[in-house]
4 protein chains.
Amino acid sequence: MAKVGIVFFSGYGHTKKQAEAVAAGAGGVDGATAEVFEIDQDGNLPEGAWESLAAKDAIIYGSPTYMGGPAWQFKKFADASSKPWFGRAWKDKIAGGFTNSASVNGDKFNTIMYFFTLSQQHGQVWVGLGLLPANKKENGPEDVNWTAGFAGAMSISPADASPEEAPRAGDLETARVLGERIAGYAVKTRG
Amino acid sequence: MAKVGIVFFSGYGHTKKQAEAVAAGAGGVDGATAEVFEIDQDGNLPEGAWESLAAKDAIIYGSPTYMGGPAWQFKKFADASSKPWFGRAWKDKIAGGFTNSASVNGDKFNTIMYFFTLSQQHGQVWVGLGLLPANKKENGPEDVNWTAGFAGAMSISPADASPEEAPRAGDLETARVLGERIAGYAVKTRG
Amino acid sequence: MAKVGIVFFSGYGHTKKQAEAVAAGAGGVDGATAEVFEIDQDGNLPEGAWESLAAKDAIIYGSPTYMGGPAWQFKKFADASSKPWFGRAWKDKIAGGFTNSASVNGDKFNTIMYFFTLSQQHGQVWVGLGLLPANKKENGPEDVNWTAGFAGAMSISPADASPEEAPRAGDLETARVLGERIAGYAVKTRG
Amino acid sequence: MAKVGIVFFSGYGHTKKQAEAVAAGAGGVDGATAEVFEIDQDGNLPEGAWESLAAKDAIIYGSPTYMGGPAWQFKKFADASSKPWFGRAWKDKIAGGFTNSASVNGDKFNTIMYFFTLSQQHGQVWVGLGLLPANKKENGPEDVNWTAGFAGAMSISPADASPEEAPRAGDLETARVLGERIAGYAVKTRG
């Protein structure tokens, strides 16, 4: 089995819904399993998570975009990953990423780029979204990749929308597709 | 008078409309003048433009986002600016930037970041948009900064929208505000 | 008087030396004062620092580059700055940045770009290093801007060098020049 | 056989030497072939190159860093790749990148990030350098990855060094390792 881990932080629940959609996509692939690891409000992983991550074929990173980048709790996790970094423990594992923020564009690109930069510190192989954008006049938030990420999955949750209201259907389906694509790639390349 | 130059490339006319909005904003400021310089399809500036740019207090960069960055025609201009770079001719001039693309998010952030990187090669001082985003459920493309740029002005022109249809009102007003802010800053700091 | 604040985190003391050089440069400018604020190991500012920062004309950001970006302690500060962000309290303040890491290149660029992204969230005006690089065969770590930053000051402290040994003379002088340039700009534009 | 294509632009010959090292590394892998495609001074590929690239398993991008990003000639190639982009012709191909500039740090990171951004527009899978940096006091330009790239191979050619003198031994070996790693990954995942 190809094993996919999803490490994420969520401040108010929107990014958690996105993470669950990524996990549903990954776990739905024949020959793959998906497991989520939620970083807590102090920036720590659940008990045993570091050991579990070490056994994964793919690690997908997720965080809201706060003040132009990943939340500090995610960065605390990233800094703590210097231990597997020294030992090259995550080298050649597949990587991917997703982010949510309130604004249409905002600085989501920067958060995805940070996930990529982290993955390259680890020597991981990056698999992005692989979708064209839905960018015609008729398109809207119900369409897959209307939000239009390339290197990863992006979602928009308006500032006054609860996690029940957002991310919206198109963004959640985009997150699901990211999980599916990465798990499919993990299965294919696991040999 | 504080003199603002706007150097841009436009492939199909959408970015040109955005450039005109920036120029209208800058030119409308008491004590400021605005002049646009359109890079042609071969990546060249109009006759006399390099000399005019040398006399500006602010240079604002604009380009569509093509394949994840500024159009090659803009980059050809940027590479040719190595001549004023060597002589530090643009040092301390104010800088800013704007970009248009068909997708909601896409890689517009990267284009703005390139403009910033170019400006820092030249030792320029960067002035961004300075606006909060319009990011509530009720907001849409008619609102100022719904597209939600921070470091510069962004606009969305759907792939099947003509330059008469897009950028839309909110994005054009955002571009106008960018020009106004930069010209206002140029007037204030010119002493 | 133009007031310059320098907010930084330092893990082992190298970035602190860089911060002190920036402060020396800023404080040495006629008509300017410089004050440093060190973020602690838990990501918190000293008592009263938020109020002091609110009164500054310029805020300069500093952090080591860890795992491809600013340390999580710095990011915790950045996330906490969402309070002045909402109130636009730092709008139009001057911004700048510096970073240190063990590797020659590494991902220092990304850390500086994050500082810039943060500054643009706040509507600040970015002033970079403004220096040409020392990039001839004869140049080395004793030369100003041999490390070759543009948007900010960079320094290299080899992994086995103590804070007494590194950053080296050229990098510390580069940091001093950054402080001097930003303070000089603050004095000039304060009117 | 796994087929690796290397598309690059070189202004003065330094990046060409780097490209040749990447090709030597890739071509030296059992079960892999390497072919280089040099973009000319007008930004055009050799006759038949687009068809050849379409048949590759991996496409590696290379350019000097000029004015903070890839040379315009490379960007012209990137913009022209919108044709395979529309048809998703390069989706799932492996990608990687390398860059050379005169300065120690400079904006090389930004050029590599552009290559990554381009690759994600195409839905490619990114394979970076995978090396730790040589970042101790004793290290120098003769060491592998002293220049310290992560997402791609970087090289430093001082402004007054001919292509016979630079890139230096460590940077050329780093380029070779990048080619070897990408070709090895292509062989492994080709099934």
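Anything mentioned here points back to the structure above.
Residues numbered from 1 in each chain as written. Chains lettered and ligands numbered in written order. Predicted model: local features only at pLDDT ≥ 70, side-chain atom pairs only at ≥ 80, totals over all residues. Heavy atoms only, no water.

### Things to note about the overall build of chain A
Of the regular secondary structure elements, chain A holds 6 helices and 7 strands. Listing every helix and strand of chain A by position from the N terminus yields β-α-β-α-β-β-α-α-β-α-β-β-α. Its C-alpha atoms give chain A a radius of gyration of 15 Å, within 12% of the compact-globule value 16 Å for 191 residues. Overall, the C-alpha framework of chain A stretches about 50 × 35 × 25 Å when taken along its three principal axes. Sorting the 191 residues of chain A into buried and exposed places 66% on the buried side. For chain A, contacts bridging at least 24 residues in sequence account for 76% of all contacts bridging at least 6. Put simply, chain A shows about 6000 Å² of open surface, and 52% of that area lies on carbon and sulfur atoms. In chain A, which carries 18 positive and 21 negative side-chain charges, the distance between the mean positions of the two groups comes to 8 Å. (Helix = DSSP H or I, 4+ residues; strand = E, 2+ residues; numbered from the N terminus. Rg over C-alpha atoms; globule rule 2.2 N^0.38 Å. Buried < 20%, exposed > 50% of the residue type's maximum accessible area, 1.4 Å probe, protein only. Contact = heavy atoms within 4.5 Å. Areas by Shrake-Rupley, 256 points an atom, 1.4 Å probe, with all protein chains shown as cover. Lys, Arg positive; Asp, Glu negative; His and termini not counted. Charge placed at Lys NZ, Arg CZ, Asp CG, Glu CD.)

### Some remarks on the side chain of threonine 111 of chain D
All names here are of chain D. Relative to the assigned elements, threonine 111 resides in helix 5 (residues 108-121). Its relative accessible area of 0% is what places threonine 111 among the buried residues. Here threonine 111 is in contact with Ser63, Pro64, Thr65, Gly69, Pro70 and Thr99, once residues within four sequence places are set aside.

### Remarks on the interface of chain B and chain D
Interface size is often expressed as the accessible area that is lost when the parts come together. Taken together, the contacts link 21 residues of chain B with 21 residues of chain D. Between chain B and chain D, roughly 1600 Å² of surface is buried when both sides are summed, and carbon and sulfur atoms account for 63% of that area. Across the contact surface, chain B and chain D share 0 salt bridges. On the surface where chain B and chain D come into contact, there are 10 residue pairs in polar contact (both at pLDDT 80 or more). Those elements that place two or more of their residues in the side of chain B that touches chain D are strand 4 (69-70), helix 3 (72-80), helix 4 (82-86) and helix 5 (108-121) of chain B. Classifying every residue of the side of chain B that touches chain D by side-chain character gives 9 nonpolar, 8 polar and 4 charged. (Buried area = accessible area lost by both parts, 1.4 Å probe. Salt bridge = Lys/Arg side-chain N within 4 Å of Asp/Glu carboxyl O. Polar contact = N/O pair within 3.5 Å; in protein donor to acceptor, adjacent residues only side chain to side chain. Nonpolar A, V, L, I, M, F, W, Y, C, P; charged D, E, K, R; others polar.)

### Focus on the packing of helix 3 (residues 72-80) of chain A against helix 5 (residues 108-121) of chain A
Relative orientation and spacing of two packed helices are given, respectively, by the angle between their axes and the distance between those axes. Residues and elements named next belong to chain A. Where helix 3 meets helix 5, the axes come as close as 11 Å, and the angle between the chain directions of the two elements is 10 degrees. When the axis of helix 3 is compared with that of helix 5, the two are roughly parallel. Mapping the contact onto sequence places Phe74, Lys75 and Ala78 in helix 3 and Tyr114, Phe115 and Leu118 in helix 5. For the contact of helix 3 with helix 5, the residue count by class is 5 nonpolar, no polar and 1 charged. (Axes fitted to C-alpha atoms, helices over the stretch in contact; angles between N-to-C directions. Parallel < 35°, antiparallel > 145°, perpendicular 65-115°, else oblique.)

### Brief notes about helix 3 (residues 72-80) of chain C
Turn by turn, an α-helix covers 3.6 residues, leaving residues three or four places apart pointing in a common direction. Of all 9 residues in helix 3 of chain C, 7 are buried; the element is thus mostly enclosed. Every buried residue belonging to helix 3 of chain C is among Trp72, Gln73, Phe74, Lys75, Phe77, Ala78 and Asp79 of chain C, and all of these are buried.

### Description of the interface of chain D and chain A
Opposite the 27 residues of chain D that make contact, chain A presents 27 residues. Roughly 2300 Å² is buried in total at the junction of chain D and chain A, and carbon and sulfur atoms are behind 61% of that figure. Counting across the chain D and chain A interface gives 2 salt bridges. With a closest N to O distance of 2.6 Å, arginine 181 of chain D and aspartate 92 of chain A form a salt bridge. If you look at where chain D meets chain A, you find 10 residue pairs in polar contact (both at pLDDT 80 or more). If you list the elements that add at least two residues to the side of chain D that touches chain A, you get helix 4 (82-86), helix 5, strand 6 (125-127) and helix 6 (169-190) of chain D. Per-element accounting of the side of chain D that touches chain A gives the leading share, 6 residues, to helix 5 of chain D. Split into classes, the residues belonging to the side of chain D that touches chain A amount to 14 nonpolar, 8 polar and 5 charged.

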